[in-house]
Amino acid sequence: MAALTVSVVSADHEVWSGEASSIVARTAEGEIGILPGHEPILAILASGQVRVRLSDGTTVEATANDGFLSVENDTVTVVARNAQLN
């Protein structure tokens, strides 16, 4: 099964990185879900939760504020001014 390579970074450090089966984040346009094979996208983050579902079914949650989400070639990068694991 295909997987996403995900990085969640804050302005001054990496919050979390690894492989995932999906990611859900809040953007300025609303909530977005990303699965492997998603079209390339660049979206502005809204303040809120980023939920990363791992292949074993567990979820990593972070709070992110002021940034963007980028998807390209099954690589998802979430860059936020402030981000921290919950």
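Let me sum up the structure you'll find in this document. Note that the structure is a prediction, hence the values are computed from the model and not measured.

So, how was this worked out
- Residues numbered from 1 in each chain as written.
- Predicted model: local features only at pLDDT ≥ 70, side-chain atom pairs only at ≥ 80, totals over all residues.
- Heavy atoms only, no water.
- Pairing = 2+ DSSP bridges.
- Helix = DSSP H or I, 4+ residues; strand = E, 2+ residues; numbered from the N terminus.
- Contact = heavy atoms within 4.5 Å.
- Axes fitted to C-alpha atoms, helices over the stretch in contact; angles between N-to-C directions.
- Core = buried A, V, L, I, M, F, W, Y, C linked by side-chain atoms within 4.5 Å.
- Buried < 20%, exposed > 50% of the residue type's maximum accessible area, 1.4 Å probe, protein only.

## Regarding the pairing of strand β3 (residues 22-27)
One ladder, built from 5 bridges, connects β3 with strand β5 (residues 41-53); its direction is antiparallel. Residue pairing across strands places A25 opposite V50, the latter belonging to β5. As judged from the 5 bridges shared by β3 and strand β4 (residues 30-34), these two strands associate in the antiparallel manner. Bridge pairing in β4 places A25 opposite I32. The turn joining β3 and β4, which pair antiparallel and follow one another in sequence, is formed by 2 residues.

## A look at the environment of A11
Looking at where A11 falls in the secondary structure, it is placed in the loop between β1 (4-9) and β2 (14-20). Between the C-alpha atom of A11 and that of N82, which follows or precedes it by 71 residues, the distance is 6.5 Å. What A11 contacts, discounting residues up to four positions off in sequence, is A80 and R81.

## As for the sheet that holds β3
Spatial ordering of the open sheet is given by β2-β1-β7-β6-β5-β3-β4, a layout of 7 strands whose pairing is mixed. Every other strand in the sheet has two partners, leaving β2 and β4 as the edge strands with one partner each. Adjacent strand axes in the sheet meet at a mean angle of 30°, parallel and antiparallel pairs treated alike.

## Brief notes about the nonpolar core
Of all hydrophobic cores here, the largest spans 22 residues; its most connected members are V6, I23, V52, V76 and V78. Contributions of two or more residues to this core are made by β1, β2, β3, β4, β5, β6 (59-72) and β7 (75-85). When residues no more than four places from it in sequence are discounted, the contact partners of I23 are L4, V6, I32, G33, I34, V50, R51, V52, V76 and V78.

Honestly, it's all geometry; don't read function into it.
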